[in-house]
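Here are the chains, one letter per residue:
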Amino acid sequence: MSAETADASNASTATPDQVVLVVDFGAQYAQLIARRVRELKVYSEIVPHTVSAADVAAKNPSAIVLSGGPKSVNVDGAPELDPAIYDLGVPILGICYGAQLVARQLGGTVSREDRGEYGRTVMNRIDGSSSSLLHDGIPSEQVVWMSHFDAITEAPEGFVATASTPNAPVAAFESVDRKIYAVQYHPEVGHSPHGMAVLEQFLWREAGCDPSWTMGSIIDASVAAIQAQVGDGRAICGLSGGVDSAVAAALVHKAIGHRLTCVYVDTGLMRLNESDQVVETFQKHQGMELIHVRAADEFFAKLSGISEPEAKRKTIGEHFIRVFEAASGGIDDADFLVQGTLYPDVIESGTSDAAKIKSHHNVGGLPDDLEFDLVEPLRNLFKDEVREVGSQLGLPDEIVQRQPFPGPGLGVRIIGEVTPEKVEILQHADAIVREEIAAAGLERELWQSFAVLADIKTVGVMGDERTYAHPVIIRAVTSDDAMTADWARLPYDLLERMSNRIINEVDGVNRVAYDITSKPPGTIEWE
Ligand code: XMP
């Protein structure tokens, strides 16, 4: 994240009254902490460690949590917190690096010991500190998850050391008067069994937060914010069939009804029956104004003779924009463009409020002179929260629980030139993979599971006949974020069922292979 505070809100994003700021010291932990706070029904936002006391005060937070981080607090250039933040009177909880930083900045001692502590560790309350507010009601001996080399050896003056472990003389310390608490362990991870109780204690009891940030309250507040932003205006939304645009559209539709027009471009490269499902869900069930553009023939014509993956992507992307532009030209009085931007995108880009940007930055190439105000109602939500909002708005599980699907669709799962015949083969093979994975109850455990069609032919025998046809490759991976992935250890009998069904039911396929490549070195998609 950049030094600038990533702003989770724009005009259409509702920000609740109570906010907990999670200060990011550069580890993977800040997002997890933010999510845990939200699980306790308190809205949280991540801010960079360079945030100033004035910025913090402007946000009027109910509490501040300092995250872990990869550095030692004792090295030159180690990230620090604006010391004036400690004097704002806002309750603070330092975690791991955050705890060491509190110790160092407020006059305690952090030393490099002979050995660190990693993993499950038994922590004991320090005798005489039984009044620890943070650990109130929690057994005096508990297992916590540690990950540190340096250790706090002395709490700052005016603070009480409340717990220790074999290699962390001060594993927790606090000053109830100053409302500052610090724990060396990670309460946000599942391996600290009492971690959520500690966070509850801090947020609900010490910081006085109400557990009132519920899905219902998010929807009500978002609807009000969208209505305030759009006023009497009109909005358009490109539906991709994916979760984010679907939920964003449903939310905006709830707020402004028929003044939202959705555009769904059927490229011909969608999965079997997917277009029908999208159109039926949004037009019939949600009653939205929907422009359904049937553009498969145009896309096949454009893709004719092209087999290089990047050239295919570029062709599909560019033509998509042309088609979207032509369709939305029919409603050119629209002032707003709805986008399904999520909070992780905001954190990663580190951008501040992007209320008015050239639309091509987000939808990949709309002409420069086409300017809309953006409506981004999901800008402060994580993916699992978006799925919950979608369910509450009545979207079916097939849409809100959908696995990620690449923008160029089956175009990057057909190796070589894309033709309507190959799309038909792949759609049927892919539908079998999806059906069997769903029947085995594995759909949500897998990040993605799909079929790929190779542009080679191999020899086989069916009945007494020699066959010469395409192989289909099944790809199923587990992943947290698509940056890395592992091939899924699917049961053999499931693989066998998929293989038998594909060969028997799909004309033009005589062999099925299973991809056992992780990422890296492979990618999830084949192109
Ligand atoms: P790879 O294949 O790079 O994919 O491991 C990582 C994730 O990104 C998706 N993906 C795409 N999504 N347009 C998209 O919108 C694309 O061109 C594209 N290529 C890959 C892929 O499905 C996986 O979730």
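Our structure is the block above this text.
Residues numbered from 1 in each chain as written. Predicted model: local features only at pLDDT ≥ 70, side-chain atom pairs only at ≥ 80, totals over all residues. Heavy atoms only, no water.

**Thoughts on helix H5 (residues 215-230)**
Applied cut-off: Only DSSP runs of H or I reaching four residues or more are called helices, and only runs of E reaching two or more are called strands; each is numbered from the N terminus. Between the first and last residue of a helix there are one fewer steps than residues, each counted as 1.5 Å, and that sum is the expected span. Buried, partly exposed and exposed residues are distinguished by accessible area as a fraction of the type maximum, computed with a 1.4 Å probe on protein chains only: under 20%, between the cut-offs, and over 50%, respectively. Two residues form a contact once any of their heavy atoms are found within 4.5 Å.
Here H5 is 16 residues long and its end C-alpha atoms lie 22 Å apart, about the 22 Å a rise of 1.5 Å per residue gives. Along H5, the positions that sit buried rather than exposed are Met 215, Ile 218, Ile 219, Ser 222, Val 223, Ala 225, Ile 226, Gln 229 and Val 230. For H5, the elements touching its buried residues are helix H6 (243-256), strand E13 (336-338), strand E14 (373-375) and helix H12 (383-392). Immediately beyond the C-terminal end of H5, within one or two residues, lies Gly 231, with a positive phi of roughly 55°.

**Some details on the sheet that holds strand E9 (residues 180-183)**
Note the following rule: In this analysis, strands are considered paired if DSSP registers two or more bridges between them. Each axis is a line fitted through C-alpha atoms, and for a helix only the stretch in contact is used; angles between axes span 0 to 180 degrees, taken between their N-to-C directions.
An order of E2-E1-E3-E4-E9-E8-E7-E5-E6 is seen for the 9 strands of this open sheet, with the pairing classed as mixed. One side of each edge strand has no neighbouring strand; the edge strands of this open sheet are strand E2 (44-48) and strand E6 (141-154). The average undirected angle you get between the axes of adjacent strands in this sheet is 25°. The sheet contact formed by strand E7 (residues 160-165) and strand E8 (residues 168-175) spans 4 bridges and is antiparallel. Pairing of Val 160 across the sheet is with Glu 174, part of E8. Across the face of the sheet, helix H4 (residues 195-206) comes into contact with strand E1 (20-24), strand E3 (63-66), strand E4 (92-95) and E9 while running at roughly 155° to E3.

**Considerations on helix H14 (residues 420-439)**
Its 20 residues give H14 an end-to-end C-alpha distance of 28 Å, which sits within 8% of 28 Å, the value for a rise of 1.5 Å per residue. Here H14 has its buried residues at Lys 422, Val 423, Ile 425, Leu 426, Gln 427, Ala 429, Asp 430, Ala 431, Ile 432, Val 433, Glu 436 and Ile 437. Positive backbone phi, at 70°, marks Gly 441, one or two positions downstream of H14.

**Some words on the packing of helix H8 (residues 296-303) against helix H9 (residues 309-329)**
For any two helices packed against each other, one specifies the inter-axial angle together with the distance between the axes. Rules: What makes a crossing left-handed is the near helix being turned counterclockwise from the far one by less than a right angle; a clockwise turn instead makes it right-handed. Residues are grouped as follows: Ala, Val, Leu, Ile, Met, Phe, Trp, Tyr, Cys and Pro are nonpolar; Asp, Glu, Lys and Arg are charged; all remaining types, including Gly, are polar.
As a packed pair, H8 and H9 sit with axes 10 Å apart at the nearest point and diverge in direction by 145°. As H8 runs across H9, the sense of the crossing is right-handed. Each of Glu 298, Phe 299, Lys 302 and Leu 303 in H8 lies in contact with H9, whose residues at this interface are Lys 312, Thr 315, Ile 316, His 319, Phe 320 and Val 323. Split by residue class, the contact of H8 with H9 holds 5 nonpolar, 2 polar and 3 charged.

**With respect to unusual backbone geometry**
Trans peptide bonds make up most of the peptide bonds, and negative phi angles are found at most residues other than glycine. Residue Pro 520 is reached from Lys 519 by a cis peptide bond, and omega for that bond is -15°. Residue position: Pro 520 is located in the segment after strand E19 (509-514). Going from Pro 520 to Pro 521, the amide bond is cis rather than trans, its omega being 10°. Relative to the helices and strands, Pro 521 resides in the segment after E19. Even without glycine at this site, Lys 41 takes up a positive phi of about 65°. Examined against the element boundaries, Lys 41 turns out to sit in the loop between helix H1 (29-39) and E2. Given a relative accessible area of 37%, Lys 41 falls into the partly exposed group. The phi dihedral of Lys 179 falls on the positive side, at around 60°, and the residue is not glycine. Looking at the secondary structure, you find Lys 179 in the loop between E8 and E9.

**Observations concerning the site of the ligand**
Heads up, the rule is: If a single non-hydrogen atom of a residue is within 4 Å of a molecule or strand, that residue counts as near it. Under this definition, polar contacts are N or O atom pairs within 3.5 Å; protein pairs additionally need one hydrogen-donor-capable and one acceptor-capable atom, and for neighbouring residues in sequence, both atoms have to be side-chain atoms. Using the Shrake-Rupley algorithm and a 1.4 Å probe, accessible areas are obtained, with residue cover drawn only from the displayed protein chains.
Residues in contact with the ligand, as listed here, are Arg 313, Pro 404, Pro 406, Gly 407, Pro 408, Trp 447, Gln 448, Ala 482, Lys 519, Thr 523, Ile 524 and Glu 525. Between the ligand and Arg 313, the relevant distance is 2.6 Å, taken from an oxygen atom to a side-chain nitrogen or oxygen of the residue. Contact between the ligand and Gln 448: an oxygen atom at 2.8 Å from a side-chain N or O atom of the residue. Summarising the interface, the protein chains cover 69% of the accessible area of the ligand, which totals 500 Å² for the free molecule. For the shell around the ligand, a count of residues per class yields 6 nonpolar, 3 polar and 3 charged.

Taken by themselves, the reported measurements are silent on function.
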